[in-house]
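# Structural characterization, general
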Amino acid sequence: MGLNSDFQKLYVDGLIRLYELDASALGAGILRFHGHIAYEDWQRIYSYAGSDMMAGDTTQMAGKLFENGTDKVWMRNIIFNGQTFEPMALEVSGLEMRSDGKASAPTLSMANNINGIQNAVSAYCLKFGDFAGARLKVITTLAKYLDAANFSTGNASANINEKREQLWFIEQKTSENAQQVSFELSNPVDFEGLKIPTRQISNYCGWEYRSEECGYIGSAKFTDKDEPTDNPALDRCSYRTSGCDCRDNAMRFGGFPASSMV
């Protein structure tokens, strides 16, 4: 049972979304954050991961727990793949994939506060060109796959490979005030004046072997004739459905098998 199987259920428990803003090209380095700050969120996170930590004395837990009106807010880091993602009040919309051919236009709104420093995001924007062109990676996983370091009793189901990633870029800053800063995001290929070739309709796969689109990361090797081999130099794909079949990767085939019937 993995993430794909989890997502096929009628109800997905313990959904975790993490954000990695890579502004290294602008000189700002990499910022990692998440929006899971509600106390109720953390009750569910620990429950879905099979931990009873929330049932204990919350004063002994890492992070800051405080009242926000009638709500309890728990500012706690999330550790995934050895990286620390810091808590931040934020809202992201429009990340869904569209089926009408139009590009999505997501927005990211961040609290103008980092680690208790008010107007910290505004300061970043002033110094680093409003983050324009910075790359935003959105990582989706489940609570049960988070690193063992998140839990006092460890986590036997921790798995850094059970994740989905989306890549966006900061297009521009759209609003800014003392409370929050908002940005418009763009798809990596959604740039003005950028031209890309359309995909050729063929019964051969168009993905580069072992690329992100291909998705194959297995240790089993085959030649371009789909014959098993132990020689890494001969590990090549035939770019046919048989090449995916022998690697148990048929779901990622990048061609159009039925095109030969047209």
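The residue numbering used here restarts from 1 in each chain and proceeds along that chain's sequence as written. Only residues with pLDDT of 70 or above have their local features reported here, since the model is predicted, and side-chain atom pairs are shown and tallied only from 80 upward, although totals for entire chains, interfaces and linings are computed over all residues. Side-chain metrics rest on all non-hydrogen atoms present in the structure, leaving aside hydrogens and water.

As named in an unreviewed UniProt entry, the protein is Phage minor tail protein L, taken from Acinetobacter rudis.

### Side note on the overall build of the protein
Heads up, the condition is: Per the convention used, a helix needs a DSSP run of H or I reaching at least four residues, while a strand needs a run of E reaching at least two, with both numbered from the N terminus. When a residue's accessible area, from a 1.4 Å probe over protein chains only, is under 20% of the maximum for its type it is buried; when over 50% it is exposed; and in between it is partly exposed. When checking whether two residues touch, look at their non-hydrogen atoms; a contact exists if any pair is within 4.5 Å. Here, Shrake-Rupley sampling with a 1.4 Å probe gives the accessible areas, and only protein chains in the shown set may cover a residue.
Across its full length, the protein holds four helices and 13 strands. In the protein, which comprises 262 residues, the proportion classed as buried is 35%. Expressed as a percentage of contacts within the protein between residues at least 6 apart in sequence, the contacts between residues at least 24 apart total 60%. Of the accessible surface of the protein, which amounts to about 15800 Å², a share of 49% is contributed by carbon and sulfur atoms.

### Remarks on the packing of aromatic side chains
Rules: Classification of ring pairs uses Phe, Tyr and Trp, with its six-membered ring standing for Trp, and accepts pairs whose centres are within 6.5 Å; under 30 degrees between planes counts as stacked, over 60 as edge-to-face, and the remaining range as tilted. Whether a charge lies above a ring is judged from NZ of Lys or CZ of Arg, which has to be within 6 Å of the ring centre and within 35 degrees of the ring normal.
Counted according to the given criterion, the structure contains five aromatic pairs. Taken together through their ring pairs, the aromatic side chains of Tyr-124, Phe-128, Phe-131 and Phe-183 make up a single cluster. Over the ring of Tyr-216 we find Arg-247, and its NZ or CZ is 5.9 Å from the ring centre.

### Some remarks on unusual backbone geometry
In this structure, Phe-131 is a non-glycine residue whose phi angle is positive, near 65 degrees. With respect to the helices, strands and loops of the structure, Phe-131 is situated in the loop between α3 (120-127) and β11 (135-142). Located in the positive-phi region is Arg-210, a residue other than glycine, with phi close to 65 degrees. Position of Arg-210 relative to the elements: it lies in the loop between β13 (180-186) and α4 (241-245).

### Quick notes on the pairing of strand β12 (residues 164-176)
Look at any regular strand and the pattern is simple: side chains alternate between the two faces of the sheet. Note the threshold: Pairing between two strands is assigned when DSSP locates at least 2 bridges connecting them.
Bridge count between β11 and β12: six bridges; the pairing is antiparallel. Note on β12: the bridge partner recorded for Val-138 is Gln-166. Linking β12 to β13, which pair antiparallel, is a turn of three residues.

### Looking at the pattern of salt bridges
Convention followed: Whenever a carboxyl oxygen of Asp or Glu lies within 4 Å of a side-chain nitrogen of Lys or Arg, that contact is scored as a salt bridge.
Scanning all chains against the criterion turns up nine salt bridges. A salt bridge links Lys-163 to Glu-165, with the nearest nitrogen and oxygen atoms 3.1 Å apart. For the salt bridge of Asp-226 with Arg-240, the shortest nitrogen-to-oxygen distance reads 3.4 Å. Of this pair, Asp-226 sits in the loop between β13 and α4 while Arg-240 sits in the loop between β13 and α4, placing them 14 residues apart in sequence.

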